[in-house]
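Architecture at a glance
Chain by chain, the residues:
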Amino acid sequence: MIRYVLKRLLSLIATLVVASVVIFVAIEVVPGDPASYMLGLNAAPDTVQALRDELGLNASKVTRYVNWVSGMLSGDFGTSYTYRTPVSEMITERIGISGPLAIYALLLSTLIAFPAGIIAATRRGSVADVSIMGATQLGVAIPNFWFAMLLVLFFSIQLRWFSAGGFPGWDQGLLAGLKALTLPAVALALPQASILARVMRSSLLDTLGEDFIRTARAKGLTTRQTLWRHALRNALIPVLTIIGLQFSFLLAGAIIIENVFFLPGLGRLIFQAISQRDLIVVESVVMLLVFAVVLVTFLVDVAYAVVDPRLRAR
Amino acid sequence: MTLLKVENLQLSIYDNPVLHDIDFQVDAGQTLGIIGESGSGKSLSALSVMQLLPKGSKATGSILFDGEELLDKTEAQMCSLRGDDIGMVFQEPMTALNPVQTIGEQVAETVFIHQQVGRKAALEIAAQTLEHVELPNSEFPLSRYPHELSGGQRQRVVIAMAIALRPRLLIADEPTTALDVTTQAQILALLKRLTSEHNMALLLITHDLGVVADIADHMVILRHGTVVDSGETGTIFKALRHPYTKALYEASGHVPERSVKHMLPEVLLDVNAVSRDYRLPRSGLFSRPDSFRAVDQVSFVIHRGENVGLVGESGCGKSTLARAILGLEKLQEGSITINGEQVLADMQMPASLRRQVQVVFQDPYGSFNPRHKVKRLVGEPFYLLDSPPAGADYDMAVTEVLESVGLAASDADKYIHEFSGGQRQRIAIARALIIKPGLIVLDEPVSALDVSIRAQILDLLAALSAQFDLSYLFISHDLTVVRSVTDRVLVMKDGRIVEQGDTEDVFSNPQHAYTNNLLDSVPVLPGADNP
Amino acid sequence: MESGIFRRNLVIGSVLALVFLIAAIVSFFWTPYDVTQLDIANKLKKPNAEYWFGTDHFGRDIFSMIMVGARTSIAVAIVAVGIGLLIGVPLGLTAAAWRHSLLDELIMRSNDLVFAFPALLIAIMITAVFGPGAVNAIIAIGIFNIPVFARLTRGAALSLWTRDYILAARTAGKKSFRISLEHILPNILNLLIVQGTIQFSLGILAEAGLSYVGLGAQPPVPSWGRMLAESQTMISFAPHLALFPGFAILLTVLGLNLFGDGLRDLFDPRLRRESR
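Residues numbered from 1 in each chain as written. Chains lettered and ligands numbered in written order. Predicted model: local features only at pLDDT ≥ 70, side-chain atom pairs only at ≥ 80, totals over all residues. Heavy atoms only, no water.

1. Topic: the overall build of chain B
Across its full length, chain B holds 18 helices and 20 strands. A compact globule built from 531 residues should have a C-alpha radius of gyration of about 24 Å, and chain B, at 26 Å, falls within 12% of that. Along the three orthogonal principal directions, the C-alpha set of chain B runs to about 75 × 60 × 45 Å. Going through the 531 residues of chain B one by one, you find that 53% of them count as buried. Sequence separation of 24 or more characterises 70% of the internal contacts of chain B that already satisfy a separation of 6 or more. Treating the 46 positive side-chain charges of chain B as one cloud and the 67 negative ones as another, the clouds have centres 5 Å apart. (Helix = DSSP H or I, 4+ residues; strand = E, 2+ residues; numbered from the N terminus. Rg over C-alpha atoms; globule rule 2.2 N^0.38 Å. Buried < 20%, exposed > 50% of the residue type's maximum accessible area, 1.4 Å probe, protein only. Contact = heavy atoms within 4.5 Å. Lys, Arg positive; Asp, Glu negative; His and termini not counted. Charge placed at Lys NZ, Arg CZ, Asp CG, Glu CD.)

2. What to know about the pattern of salt bridges
Residues and elements named next belong to chain B. Taken as a whole, this structure holds 43 salt bridges over all chains when the rule is applied. Put simply, E174 and K42 hold a salt bridge, and the shortest N to O gap is 3.7 Å. Here E174 is found in the loop between strand 7 (169-173) and helix 6 (181-198), whereas its partner K42 is found in helix 1 (residues 42-50), with 132 residues between them in sequence. Judged by its relative accessible area of 7%, E174 is buried. Owing to a relative accessible area of 8%, K42 belongs among the buried residues under this scheme. One salt bridge connects D478 with R454, and the closest N-O pair in it is separated by 3.2 Å. Highlighted residues: D478 in the loop between strand 18 (471-476) and helix 16 (479-485) and R454 in helix 15 (residues 451-468), separated in sequence by 24 residues. Neither D478 nor R454 differs from the other in exposure class; each is buried. Each of D277, R293, D296, E333 and R496 takes part in a single network of salt bridges with overlapping partners. (Salt bridge = Lys/Arg side-chain N within 4 Å of Asp/Glu carboxyl O.)

3. Re the interface of chain A and chain B
Contact with chain A, which involves 24 residues of that partner, is made by 29 residues of chain B. Viewed at the interface, chain B and chain A are joined by three salt bridges. In this structure, E109 of chain B engages K219 of chain A in a salt bridge whose closest nitrogen and oxygen atoms are separated by 2.7 Å. At the boundary of chain A with chain B, the tally comes to 14 residue pairs in polar contact (both at pLDDT 80 or more). At the level of elements, helix 1 (2-28), helix 9 (211-218), helix 10 (223-260) and helix 13 (309-312) of chain A are the ones that each hand at least two residues to the side of chain A that touches chain B. Residue classes in the side of chain A that touches chain B are distributed as seven nonpolar, six polar and eleven charged. (Polar contact = N/O pair within 3.5 Å; in protein donor to acceptor, adjacent residues only side chain to side chain. Nonpolar A, V, L, I, M, F, W, Y, C, P; charged D, E, K, R; others polar.)

4. Quick notes on the packing of helix 7 (residues 144-158) of chain A against helix 10 of chain A
Residue and element names in this part refer to chain A. Running from N to C, helix 7 and helix 10 point in directions that differ by 30°, and their axes come no closer than 9 Å. On the basis of the axis angle, helix 7 is roughly parallel to helix 10. In the crossing of helix 7 with helix 10, the sense of the turn from one axis to the other is right-handed. The residues of helix 10 that touch helix 7, namely those facing N144, F145, A148 and M149, are G253, I256, I257 and V260. When grouped by side-chain class, the residues that make up the contact of helix 7 with helix 10 number six nonpolar, two polar and no charged. (Axes fitted to C-alpha atoms, helices over the stretch in contact; angles between N-to-C directions. Parallel < 35°, antiparallel > 145°, perpendicular 65-115°, else oblique. Left-handed = near helix turned anticlockwise from the far one by under 90°.)

5. Observations concerning the pairing of strand 9 (residues 218-223) of chain B
All names here are of chain B. Note: strand 3 (residues 31-35) against strand 9, four bridges, orientation parallel. Note on strand 9: the bridge partner recorded for L32 is H218. The pairing of strand 9 with strand 10 (residues 226-232) spans six bridges and is antiparallel. Following the sheet pairing, R223 is matched in strand 10 by T226. The loop that links strand 9 with its antiparallel partner strand 10 comprises two residues; one of these, H224, has a positive phi angle of about 50°. (Pairing = 2+ DSSP bridges.)

6. Notes on the sheet that holds strand 2 (residues 16-27) of chain B
Residues and elements named next belong to chain B. Strand order in the open sheet formed by four strands is 2-1-4-5, and the pairing between neighbours is antiparallel. Both edges of this open sheet fall to strand 2 and strand 5 (68-69), since each of them pairs with a single strand only. Here strand 1 (residues 2-13) runs beside strand 2; their pairing, made up of eight bridges, is antiparallel. Residue pairing across strands places T2 opposite D27, the latter belonging to strand 2.

7. Section: the interface of chain A and chain C
Each side of the interface is counted separately: chain A has 43 residues, and chain C has 38 residues. Buried surface at the junction of chain A and chain C, summed over both partners, amounts to about 3,600 Å²; 81% is from carbon and sulfur atoms. By the criterion of area lost to chain C, the three top residues of chain A are F145, W146 and M149 of chain A, representing 17% of everything that side buries. Where chain A meets chain C, there are one salt bridge. Counting across the interface, chain A meets chain C through four residue pairs in polar contact (both at pLDDT 80 or more). At the level of elements, helix 1, helix 6 (127-141), helix 7, helix 10, helix 11 (266-275) and helix 12 (279-307) of chain A are the ones that each hand at least two residues to the side of chain A that touches chain C. For the side of chain A that touches chain C, the element with the most residues is helix 10 of chain A, which contributes eight residues. Tallied by class, the residues present in the side of chain A that touches chain C amount to 36 nonpolar, four polar and three charged. (Buried area = accessible area lost by both parts, 1.4 Å probe.)

8. Some points on the domain arrangement of chain B
Residues and elements named next belong to chain B. Domain annotation of chain B identifies domain 1 (92-166), domain 2 (266-280 + 291-356 + 438-450 + 467-523) and domain 3 (369-436). For domain 2 and domain 3, the distance between their C-alpha centres works out to 26 Å. For the pairing of domain 2 and domain 3, the buried interface totals around 790 Å² over both sides, and the portion due to carbon and sulfur atoms is 68%. When residues of domain 2 are sorted by the area they lose upon contact with domain 3, R355, I440 and L449 head the list and together hold 56% of the total. Taken together, the connections running from domain 2 to domain 3 amount to one salt bridge. (Domains from an automatic or database assignment.)

9. Notes on the packing of aromatic side chains
Using the criterion set out here, one finds eleven aromatic pairs over all chains in the structure. With a centroid separation of 5.7 Å and an interplanar angle of 40°, the aromatic rings of F155 of chain A and W161 of chain A are classed as tilted. Of the residues examined, F155 of chain A reaches a relative accessible area of 22% and is grouped as partly exposed. Exposure remark for W161 of chain A: the relative accessible area of 52% places this residue in the exposed category. A network of ring pairs unites the aromatic residues F24, Y65 and W68 of chain A as a single cluster. Sitting above the plane of the Y278 of chain B ring, R276 of chain B keeps its charged end 5.0 Å from the centroid. Directly above the ring of Y383 of chain B sits K174 of chain C, whose terminal nitrogen or CZ lies 5.4 Å from the centroid. (Phe/Tyr/Trp six-rings, centres within 6.5 Å; stacked < 30°, edge-to-face > 60°. Lys NZ or Arg CZ within 6 Å of the ring centre and 35° of its normal.)

10. Some points on the nonpolar core
One finds I23, V286 and V290 of chain A together with F117, I124 and W224 of chain C to be the most contacted residues of the largest nonpolar core, which totals 173 residues. Among the elements that take part in this core, helix 12 of chain A stands out by supplying 18 residues, more than any other. If sequence neighbours within four positions are ignored, I124 of chain C has contacts with I255, I270, I274, V282 and V286 of chain A together with L215 of chain C. (Core = buried A, V, L, I, M, F, W, Y, C linked by side-chain atoms within 4.5 Å.)

11. Here's the deal with the confidence of the model for chain C
Residue and element names in this part refer to chain C. This prediction gives chain C a mean pLDDT of 83; 95% of its residues lie at or above 70. Note on residues 270-276: pLDDT is under 50 here. Beyond four places in sequence and across chains, it has nine contacts. On the interface metric, ipTM, the complex scores 0.83, and its pTM is 0.84. (pLDDT = per-residue confidence, 0-100.)

12. Remarks on the environment of K43 of chain C
Residue and element names in this part refer to chain C. With respect to the helices, strands and loops of the structure, K43 is situated in the loop between helix 1 (2-26) and helix 2 (62-97). Residue K43 is classed as partly exposed on the basis of its relative accessible area, which comes to 44%. Taking C-alpha positions, K43 is 5.7 Å from D56, a pair spaced 13 residues apart along the chain. Setting aside residues no more than four positions away along its own chain, K43 makes contact with T55, D56, H57, F58 and G59.

13. Things to note about helix 3 (residues 102-115) of chain C
The first and last C-alpha atoms of helix 3 of chain C sit 20 Å apart over 14 residues, in line with the 20 Å expected at 1.5 Å per residue. Looking only at helix 3 of chain C, the buried set comprises D104, I107, M108, N111, L113 and F115 of chain C. On the buried face of helix 3 of chain C, the contacting elements are helix 1, helix 10 and helix 12 of chain A together with helix 2 and helix 5 (134-161) of chain C. (Expected span 1.5 Å × (residues − 1).)

14. Focus on the sheet that holds strand 3 of chain B
Residues and elements named next belong to chain B. Spatial strand order, 6-7-8-3-9-10: six strands in an open sheet with mixed pairing. On the outer flanks of this sheet lie strand 6 (86-89) and strand 10, each paired with one strand and no other. Taken pair by pair, the neighbouring strands of this sheet meet at an average axis angle of 15°, ignoring direction. As judged from the five bridges shared by strand 3 and strand 8 (residues 201-206), these two strands associate in the parallel manner. The residue bridging L32 from the neighbouring strand is L203, located in strand 8.

The structure is reproduced here in structure tokens:
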């Protein structure tokens, strides 16, 4: 078990190293000098030089990569070209919205998908199954940002239950914050829940067809006991993979959904940074998101080993 | 006293009748064998007793268990009966256990869903039961997972689950079919012991007449969903009064007619001190991968026209050896000489050697690309020739070879799914024959076939060998078959050949202890009075 | 009964997908109104007999814009799936043919790496470097499709490589490359077609998302995602601006998914047997 986790950890680090090189090189290719961009067209050449020195832009590429990575490791993400404030401060502030949003959506998605998938699989061919599958078919096809707009149209503009966007800040109380995140989380979660419910259903159907289910029935277990004691845990294995993959979709989706609801999260930050060519911010946020995705993949791998004893031996 | 009495049982699945009028009965402490080829309805009869039938099934008639009608019971009543009064063991031990639960939990589950006992008490009973099926707790603690056990050990766990509560009836559906012959003998002995110790009735379902002959007191023979013959085991084998019983019996012990040894003195294949290593997955990122020696210093020869058997249990290295002879994998040591041309260790086998050897596999369903027509399938080995026939010549060669294996020229334009298992095996033989090789490696060629089809294929192989001076390397775990079709036999164990010699000598007077053990494990058909 | 549902999926799906495909093709030759022509006098008209889906804040005909938008969506998604297939399938076949080799390891690890970048992140990086545009959207979605097809191909090919007919081909002296083309590829084609339609519909969703945040097709090229973005500020008084492009995306994706499901059920003999 320990060896398995260590191996996964090693591959996590390797992925992060390669990813950081890819991101660094990609951003390096960008034409244009951030220093002259920051100082405007009329800046004197020696002022630009001075700023380049200050930003560390004159060092060799390797030194700059090492500085960037070691800086990130110690929590220093550099200084924003446009705002002249530490990137880490900007990120911490924004992550307080994007992080809870993604987790909120993941929870919602799982809470909807599991029961739906289980009901559909155990009552295969019934009205419940057909309606759940029909609903998920729609859920998979609907673009989440459009669904978000419809939610705003209905719950904010028509019913006035929620505000149409913006975020009051966590200092206004947990409830106010959660309320502001509810519509965005629902918009993010429903399409993902549809996918997850479909995977849950097919995985459970596969498991219910396995030999050991018949063995369990021969021991005298009822169908319900067989489901809870034997089928679910085995069916969970492919479902876990999908939950892991979904996290990265949720992060990406959150970037778009934040735009619909004018939430000041990482998504808004990254689009502002792109339009202002504040590349150090883009670089850092992308790296951070990749880190989150890779970390979740790692956690899913560990969860695998907990669920499936066959992996622990490896 | 009659424990189970099945009368006039009829079963249809989605209005498709599959069982017509099945009758049998079994007494406490007795064993009833239910025999049949695939599609005879033997498994469905057993599942009817358990009331674990596939969706859409409808059973009528009567199944009396201890005087109570099972067909009238509710699902809840059946649940309390299953596992408590009636236990069941299935064919495939590799998939019959839940892979994510320990064996202890799985055996204990039988106990605590039927009895009001605590977890600890249930585990205590599980431990005793595992001991009882000869899985000592010291070696197989309750915390083991199924993937840590071999097939035979898993089957013992399944049996433990079925007998934990001392049921009065045990149903075993092909319990040893997936196991090696020595393991089969052990499991059958275990079942025998358990039935007599607990005065339990055993319903043993199998396709193997030898297995029932060994263990059953009574037997019924099913065909196409009806009982064709039934009675006391000894009487049935003596009388062989029903034609189907007789046909089955004869096919099971079938010895193809083979002309007097047509073996020529010329050495066709010379395997000399061959070793094959498998690389094991690396245990750590920086450790060097270990390797496993699957074939260890094996030497033997096959003469032209000679049929040589290679027997051994799963994992002994016989398939690895076959792959080396086919040139599919390089040798680590030694050499293989075919028709005077040699291939050494770490060398690719050249096409000129490959041409001399072709192969027939076990599974008639996985041996063919489903998207190609027979014409293309059979002609695939032509790729080995420098100037393969084309156009009309090609078609003629295909026709000729199809006819030589008993198929029609018109079969060339069909797809493989249009053929039965036996016909597919004929096509596989045609594919092996088409470039007229000297040697055909037959890797369990009849193991997946019903006995009657098996007999036909064995006859065909014997005829072809005589006609074309073909040599065979006949690989099989089935000693009876090997004995009936080979001139010489090699016995393999743990990558080495432990004994070789003329088939009759080895079988009648084995020198090596392992060979002896193998032969003792083979279920024997009793001699009939009027064969 | 179930086979009826399967056929219904296939029919409804192909009809929906075809409607949008035809709309996209027809838009090259004819649209009810010129989508580049501004007509402020007729701005923000509700749907009526003259303008079936109404007009936007510049007086452009929504129906015509949706027809032209179909062109953008379908083109981006097709090319992106093409990139995924053309690069991913050979990679997957190669990895499976030389399974457990260093090459296999390298291919699969690079796939994992790409999976760490969701399509949107790739698009953001490309946009940051080269600026936004339809081509960059195609590349971003295409790159993301590569590991999807590579993994699928490798997984399916691996299970085929253990089949006896592959061994038979090898005893006939055929090399890995030829076997991959003759025996592996034809037998995974169904799988690839089904996954292709799924990635196609995902591509349409992704393109809409990228256009919505301004990383996709740039004005004046109409696209469904950008129509939605522009409609957002007017949603309270002109909801039709948001409804029609949204339904266009929903129905296209739904159609493709139903079509894909129908195809899979048609191809999968296991399901067919069950449905009998």
